[in-house]
Amino acid sequence: MSGEPLQRRELTVAAVERLGAYHLLRIADSAGPEPLAGQFAMLAAAEGWGGGQDERPFLPRALSIARRQDGQTLFLLEDVGPGTARLCALQPGERVLSLGPLGNGFTPPHDGRRALLAGGGVGIAPLAILQDQLPGTATALLGFRGSSHAPGAALLRDAVIATDDGSQGHRGTVTELLAAELESGPDAVVYACGPAGMLESVRALCEQAGVPAQLALEAPMACGFGACHGCVVPIRGGGYSRVCVDGPVIDACRLERVDEHAGAPA
Amino acid sequence: MSVEFCGLSLAHPVINGSGTFDAIAAISALGEGLADSFPFSAYVSKTITLEPRAGNPPPRLWETPAGMINSIGLPNKGLAAYLSEDMPRLSSLRRRTPEGAAVAVPLITNVMGSELADIAALVSACDEPPQISAIELNVSCPNVKTGLDIGADPEQLRAVVSAVRPLTRKPLIVKLTPNTADVAMCARAAEDAGADAVSLINTLRATALAPSGERPRGSWLGGGTGGLSGPAIRAVALAQVASVAASVSIPVVGMGGVERSEHARDLIDAGASIVAVGTASFLDPMAGASIASGLLP
């Protein structure tokens, strides 16, 4: 006999904080399994899940675990659709249904290489727990649309920021920051998470520079544990891989390109 | 609460719908414990085809009011690899009795082909291994010659089931398609042709369009169309199950939008012998077990 399988659990919202346009959801979870950086959970509100915009949401939402701290599991959210709208509206004391941690996490750097963290938008979440778990303070390069989203950078330590509108930090993309870093020191492993377009730029840049990269992919999912085969991405050499069980962290060299449909759940 | 279904003794009346619970992936993601406290009383494999299939290009999912559309495209590794790689694992699933004893979960293998020769080869191949307890025929597949779903036309369905019936002594379950004019007539055709049971409803054909800004505005789904499932189809399932159960004397596996024991009870009261859970397992992998325990007298 081999112990209890991981099951969906009902947990309580401890606090919800604002980081600019983002919500930082703190869920009391002192008994939960310790997540690896890069893992995710399937999250739904226990009450009022459904009956929102377009009579949705129905499916739970796959969300990267942003941090484990003081018996709490943290998630970074942006209200971009009926599911995230409901999760952003959660109040302390409300109950959530959580299945996780799920998926494959990041692999720490090897051969004395340094870790370079590159995040875009709400995709910075798994890089925070990665920075927590790596020794020292790994360099974090974070890209945002503008000043309403840039406060999300507070989730990481000593982050270098780029904004599309130049309102904070470097005017331009996080990939430009990454290119400059790789020029000064290519002995690195890149860890990236963000929108599909950004991840594709990071993938192409790292391929050109010969730098290994681990990409945390996102995809709409129904289940999160391999049951539905809904969250696939095309992989190099043909065929598809499931983001939930073959990822969400995947070696960039396994992808011909990052699928345009990969993206955060609404 | 144990039930007799096609000669199989099931510990409770809740199984999974084909293609809704990849047990090997689920065990890997949720832990080995799932393999010996399996939520379903029998396990129905995903659809197996003669040759491997990669499945449809993404996007494969669309959330709807109270449900979802899937356009997965039946990815599977093909018959040979299924038999050599997956079948041994899938036939070793166990569930625990309330007394703590481990009992085997029978394996039902679901197969599909687009022409008779393929279906016959699949059924014959599944007849041999003792690890397979029953065969479910997915007839929601277009005939390569006519383009029509084999299961949508009673006469075509009768011909296919009649032809493969003699190829196996194992229970043969026909998974009916709801996308037809008269599902009861299809069920009767399957019964006449020798099916031991029918299962329904499969997903309802559905689609979603790309965001309204895009031109041309094609389907959002990589596969063009998909199947609607979840609570959104529960009332349709109840009507079709009731209609079929009133029309045939073989057992009926009822499914469609079952999320709670009451929904399973409705299907049983409408004439289903056992029920299957599909989409609800995506939300909660142990949904089948909760639904079964709620059916306790």
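Residues numbered from 1 in each chain as written. Chains lettered and ligands numbered in written order. Predicted model: local features only at pLDDT ≥ 70, side-chain atom pairs only at ≥ 80, totals over all residues.

## Here's the deal with the interface of chain A and chain B
In this assembly, 33 residues from chain A lie in contact with 35 residues from chain B. Its residues placed into classes, the side of chain A that touches chain B shows 18 nonpolar, nine polar and six charged. (Contact = placed C-beta atoms within 7 Å. Nonpolar A, V, L, I, M, F, W, Y, C, P; charged D, E, K, R; others polar.)

## A few points about the sheet that holds strand E16 (residues 274-277) of chain B
Two modes of strand pairing occur in sheets, parallel and antiparallel, and in both the strands are linked by backbone hydrogen bonds. All names here are of chain B. One open sheet holds the eight strands; their spatial order is E3-E16-E15-E12-E11-E10-E9-E4, and the pairing between them is parallel. Edge positions in the sheet fall to strand E3 (14-16) and strand E4 (43-48), since each of these pairs with one other strand and no more. On average, adjacent strands in this sheet sit at an angle of 25° to one another, irrespective of strand direction. Inspection of the sheet shows strand E9 (residues 107-111) paired to strand E10 (residues 132-138) by five bridges, in the parallel sense. Bridge pairing links Ile108 to Ala134 in E10. Here helix H4 (residues 116-127) sits on the sheet and contacts E4, E9 and E10; the angle it forms with E9, its principal contact strand, is near 165°. (Pairing = 2+ DSSP bridges. Helix = DSSP H or I, 4+ residues; strand = E, 2+ residues; numbered from the N terminus. Axes fitted to C-alpha atoms, helices over the stretch in contact; angles between N-to-C directions.)

## Concerning helix H6 (residues 183-192) of chain B
Residue and element names in this part refer to chain B. With seven of its 10 residues buried, H6 lies for the most part within the structure. Burial in H6 covers these residues: Val183, Cys186, Ala187, Arg188, Ala189, Ala190 and Glu191. Among the structural elements, helix H5 (154-164), strand E11 (172-175), strand E12 (197-200) and helix H7 (234-245) are those in contact with the buried residues of H6. Within two residues after H6, Gly194 carries a phi angle of roughly 110°, on the positive side. (Buried ≥ 20, exposed ≤ 12 C-beta atoms within 10 Å, placed from the backbone.)

## With respect to the sheet that holds strand E12 (residues 188-193) of chain A
Residue and element names in this part refer to chain A. On the basis of which strands lie adjacent, the open sheet formed by seven strands has the order E11-E10-E9-E8-E12-E13-E16 and mixed pairing. Both edges of this open sheet fall to strand E11 (170-171) and strand E16 (249-251), since each of them pairs with a single strand only. Bridge count between strand E8 (residues 114-120) and E12: six bridges; the pairing is parallel. Bridging from a neighbouring strand, Leu117 pairs with Tyr191 of E12. Across the sheet, helix H4 (residues 196-209) lies against E8, strand E9 (139-144), E12 and strand E13 (213-216), angled at about 170° from E13, the strand it touches most.

## Some thoughts on the domain arrangement of chain A
Residue and element names in this part refer to chain A. Domains assigned within chain A are domain 1 (9-102) and domain 2 (114-254). Domain 1 and domain 2 are separated by 21 Å when their C-alpha centres are compared. Counting residues at the interface gives 21 residues for domain 1 and 25 residues for domain 2. Among the secondary structure elements, those contributing two or more residues to the side of domain 1 that touches domain 2 are strand E3 (40-45), strand E4 (61-64), strand E5 (67-69), strand E6 (72-77) and strand E7 (95-102). For the side of domain 1 that touches domain 2, a count of residues per class yields 15 nonpolar, three polar and three charged. (Domains from an automatic or database assignment.)

## Side note on the nonpolar core
Ranked by internal contacts, the top residues of the largest apolar core, which has 186 residues, are Val190 of chain A together with Tyr43, Ile173 and Val198 of chain B. Shared between two domains, this core holds at least three residues of each, these being domain 1 (9-102) and domain 2 (114-254) of chain A. Once residues within four sequence positions are removed from consideration, Val190 of chain A is found in contact with Leu116, Ala118, Leu178, Val202, Cys206, Val211 and Ala213 of chain A. (Core = buried A, V, L, I, M, F, W, Y, C linked by C-beta atoms within 7 Å.)

## Section: unusual backbone geometry
Here the bond from Gly247 of chain A into Pro248 of chain A is cis, since omega is 5°, no more than 30 degrees from zero. Among the secondary structure elements, Pro248 of chain A is positioned in the loop between helix H5 (243-246) and E16. Cis geometry marks the peptide bond from Leu200 of chain B to Ile201 of chain B, where omega comes out at 10°. For Ile201 of chain B, the location among the structural elements is in the loop between E12 and strand E13 (204-206). Although it is not a glycine, Glu55 of chain A adopts a positive phi angle of roughly 55°. Checked against the element boundaries, Glu55 of chain A lands in the loop between E3 and E4. Residues other than glycine seldom take positive phi values, yet Ala66 of chain B does so here, at roughly 55°.

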